[in-house]
There are 2 protein chains.
Amino acid sequence: MKYLVTGAAGFIGSHITDRLLGLGHEVVGFDNFSTGQRPFLADAYRNPKFSMIEAELLDPSAITEAVIGCDAVIHFAANADIRGGLASPRKDLEQNTLATFNVLEAMRESGVKRILFSSTAAALGEPTEFPTPETCAIPDQTSLYGASKMACEGLISSYCEGFGFEGYVYRFVSILGPRYPHGHVYDFVKQLLADPNHLNIIGDGSPKKSYLHVHDCVNAVLHTGDTLRTANQASKRYQVYHLGAPEYCQVKDSASWICNAMSLQPELRFGTGARGWIGDNPFVYLNIEKILSTGWKPTFSIRESVEDTVAWLISNPWIFESRE
Amino acid sequence: MKYLVTGAAGFIGSHITDRLLGLGHEVVGFDNFSTGQRPFLADAYRNPKFSMIEAELLDPSAITEAVIGCDAVIHFAANADIRGGLASPRKDLEQNTLATFNVLEAMRESGVKRILFSSTAAALGEPTEFPTPETCAIPDQTSLYGASKMACEGLISSYCEGFGFEGYVYRFVSILGPRYPHGHVYDFVKQLLADPNHLNIIGDGSPKKSYLHVHDCVNAVLHTGDTLRTANQASKRYQVYHLGAPEYCQVKDSASWICNAMSLQPELRFGTGARGWIGDNPFVYLNIEKILSTGWKPTFSIRESVEDTVAWLISNPWIFESRE
């Protein structure tokens with residue numbers, strides 16, 4: 001099979017790329033390298049079944065050309081900077097909503113009909129049902145990022161209904177593991193490398209969040225969107241899966257695991273309030289019964305995912321410099 | 001108060017405009033007249049408190065200028081052609097999603113924070129809960145129109161959360177009454193005026209749909225988004241209301257009311273299947289408990305709404321020619 005992977009140089013996209021190549025598939029990577037990292041594709045570049053297109057999804061001709069001859073598109077390119085949404089609202093609109101529209105139109109023009117899409121638990125706003133199932137109530141959006149991802153979901157489902165597309169939408173919790181490029185583990189490790197005696201935590205450390213290891217994430221995506229596909233659900237061209245761990249932790253738990261993993265005992269300086277910033281959701285815990293029912297299960301606990309992330313960050317300090 | 005009404009020359013927008021002017025408010029109309037009708041604004045043009053801007057919402061400078069000095073925006077401009085979505089997917093994206101983004105950004109730039117928005121029952125896809133409440137499950141979108149309107153809802157709610165906007169979103173069933181410019185009553189009356197002996201009905205006539213008279217619709221919008229505002233709900237800056245009648249009818253009922261109203265007994269020629277077209281929802285029936293709890297109630301039955309629409313269409317045959 002030949003896959004187009006958008007965001008191929010990104011955290012999750014590069015793992016998807018490696019896994020597909022390992023399975024013998026052909027992969028066309030697509031990335032504008034705005035946040036993607038060339039080192040993430042070091043293995044891929046050595047594989048003759050990999051080719052890379054450096055271009056913008058806002059350029060319809062580039063994506064239209066890229067999609068020709070592919071069997072499916074794994075559309076994981078996105079502006080994933082939730083906190084930055086208020087500073088530049090147009091970015092979520094363009095890099096997420098418009099980019100996804102361009103991907104869908106390119107697919108339609110080329111007759112490619114299968115799309116796997118990285119949505120997010122952030123598109124669920126602040127749910128009232130925990131663990132939160134795929135069928136939860138229509139959320140009030142609390143971030144421009146979440147709003148844009150839900151807009152993408154709507155586009156994909158309407159293309160499934162209107163144009164016979166086959167769509168797989170994955171609402172991720174925060175993903176951890178090797179190549180982890182931003183988020184609280186990144187911030188904490190970076191702080192502790194600079195000053196092992198103090199750790200500043202935004203907010204009071206009470207937020208409860210679920211996390212998933214990137215290897216478990218990639219397993220789930222390819223298991224349902226590639227291996228199984230609609231074999232078991234032929235009548236339904238559009239599937240949404242919640243992807244997370246069957247547990248959650250508090251930010252203060254994670255902070256203590258990180259300190260332990262680094263053999264440090266810094267003074268912890270907490271802020272106030274449960275929300276780190278506007279749009280931050282103080283409780284993220286997804287119901288994953290649907291994805292579990294497909295036979296997939298996570299192999300890392302949250303603590304193991306945090307520890308694996310710390311180990312990778314310490315071995316790859318260049319990541320901190322790459323994003324200054 | 002000074003209101004900006006986008007889509008002021010449209011079916012519902014022109015009624016909102018007339019009502020606001022009748023209440024003594026100042027109104028700036030904004031319309032590109034792509035489907036709007038100048039005769040709908042005949043009364044408004046005679047009112048010194050009315051001014052009109054003929055421009056595109058895709059032109060950010062035009063909308064930014066229009067919004068300056070307004071107390072609120074009633075954003076009712078839209079591409080409302082559900083059926084045409086598959087022929088030109090970009091239209092829903094541009095005229096609904098992007099246009100709404102431009103309105104929100106113009107408001108943010110000018111410090112205008114109150115927005116009333118016309119969403120739609122079509123944004124609920126094909127619900128499984130009837131009558132369908134505001135808190136129904138996240139829908140699979142079945143039309144590009146519905147997807148774009150839900151994208152607009154997400155933008156508005158994220159602006160309420162992120163920028164302190166005050167948002168009122170109204171998910172309408174199909175609206176009927178004077179100035180009704182398209183839909184099944186329009187199609188049926190047009191057919192019967194051309195040939196009183198035959199009436200072709202798309203589909204089998206079984207679809208069950210709720211309708212609301214435009215006067216009841218305008219009452220509900222201004223009652224909640226203007227008169228009451230957040231007085232009773234000060235803690236919630238974002239409100240979604242389902243707007244419909246507390247009943248539904250079948251297309252075949254409506255056909256018979258229309259024939260009666262026109263004193264005709266044509267041969268009814270039914271098609272097959274419950275859906276008129278891809279994306280058509282065979283059952284639309286909203287739970288209106290929330291809007292009823294504000295004290296609003298509808299004054300027209302569905303049958304009365306249909307009859308009033310027929311009467312207006314017969315008295316205004318120019319409408320059929322204006323849209324050829």
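In case you missed it, the structure is sitting above this.
The shown structure was predicted, so the numbers you read here are calculated from the model rather than taken from an experiment. (Residues numbered from 1 in each chain as written. Chains lettered and ligands numbered in written order. Predicted model: local features only at pLDDT ≥ 70, side-chain atom pairs only at ≥ 80, totals over all residues. Heavy atoms only, no water.)

J.: Go over the interface of chain A and chain B with me, naming the residues and quoting the values.
T.: With 37 residues of chain A at the interface, the matching set in chain B holds 37 residues. Buried area between chain A and chain B, summed over both chains or domains, comes out near 2900 Å², and the portion from carbon and sulfur atoms is 69%. Linking chain A to chain B there are zero salt bridges. Linking chain A with chain B are six residue pairs in polar contact (both at pLDDT 80 or more). Within the residue set of the side of chain A that touches chain B, elements represented by two or more residues are α4 (89-110) and α5 (144-163) of chain A. The leading source of residues in the side of chain A that touches chain B is α5 of chain A, at 12 residues. (Contact = heavy atoms within 4.5 Å. Buried area = accessible area lost by both parts, 1.4 Å probe. Salt bridge = Lys/Arg side-chain N within 4 Å of Asp/Glu carboxyl O. Polar contact = N/O pair within 3.5 Å; in protein donor to acceptor, adjacent residues only side chain to side chain. Helix = DSSP H or I, 4+ residues; strand = E, 2+ residues; numbered from the N terminus.)

J.: Give a description of the relation of the copies chain A and chain B that names residues and reports values.
T.: The transform that puts chain A on chain B rotates by 180° and translates by 0.0 Å along the axis, for an RMSD of 0.0 Å. Interpreted geometrically, this transformation is the action of a two-fold axis. In this assembly the copies share their binding face: 100% of the residues contributing to the interface of chain A also contribute to that of chain B. (Least-squares fit on C-alpha atoms with pLDDT ≥ 70 in both.)

J.: Outline helix α6 (residues 184-194) of chain B, listing residues and values.
T.: Structurally, the α-helix is built with 3.6 residues per turn, so residues lying three or four positions apart point the same way. Among all positions of α6 of chain B, only His184, Val185, Tyr186, Phe188, Val189 and Leu192 of chain B are buried. Packing partners of the buried residues in α6 of chain B comprise β7 (174-176), β8 (198-201), β10 (211-213), α8 (251-261), α10 (302-315) and α11 (318-322) of chain B. (Buried < 20%, exposed > 50% of the residue type's maximum accessible area, 1.4 Å probe, protein only.)

J.: Could you give an account of the packing of α4 of chain A against helix α4 (residues 89-110) of chain B, with specific residues and numbers?
T.: Running from N to C, α4 of chain A and α4 of chain B point in directions that differ by 175°, and their axes come no closer than 12 Å. What the angle tells us is that α4 of chain A and α4 of chain B run roughly antiparallel. Between α4 of chain A and α4 of chain B, the residues in contact are Pro89, Arg90, Leu93, Thr97, Leu98, Phe101, Asn102, Glu105 and Arg108 of chain A and Pro89, Arg90, Leu93, Thr97, Leu98, Phe101, Asn102, Glu105 and Arg108 of chain B, respectively. In the contact of α4 of chain A with α4 of chain B, the residues fall into eight nonpolar, four polar and six charged. (Axes fitted to C-alpha atoms, helices over the stretch in contact; angles between N-to-C directions. Parallel < 35°, antiparallel > 145°, perpendicular 65-115°, else oblique. Nonpolar A, V, L, I, M, F, W, Y, C, P; charged D, E, K, R; others polar.)

J.: Can you break down the packing of aromatic side chains residue by residue, with the values?
T.: One pass over the full model with this rule turns up 28 aromatic pairs over all chains. Measuring from centroid to centroid gives 4.9 Å for tyrosine 186 of chain A and phenylalanine 320 of chain A, while their planes differ by 50°, and the two rings are tilted. Taken together, the residues tyrosine 186 of chain A in helix α6 (residues 184-194) and phenylalanine 320 of chain A in helix α11 (residues 318-322) connect sequence positions 134 residues apart. You'll find tyrosine 186 of chain A and phenylalanine 320 of chain A in the same group, each marked buried. Here the aromatic rings of tyrosine 45 of chain B and phenylalanine 50 of chain B are separated by 5.7 Å at their centres, their planes lie at 80°, and the arrangement is edge-to-face. Between the NZ or CZ atom of arginine 38 of chain A and the centre of the ring of phenylalanine 33 of chain A, over which it lies, the distance is 3.8 Å. Taking NZ or CZ as reference, arginine 108 of chain B lies 4.5 Å from the ring centre of phenylalanine 163 of chain B, over its face. (Phe/Tyr/Trp six-rings, centres within 6.5 Å; stacked < 30°, edge-to-face > 60°. Lys NZ or Arg CZ within 6 Å of the ring centre and 35° of its normal.)

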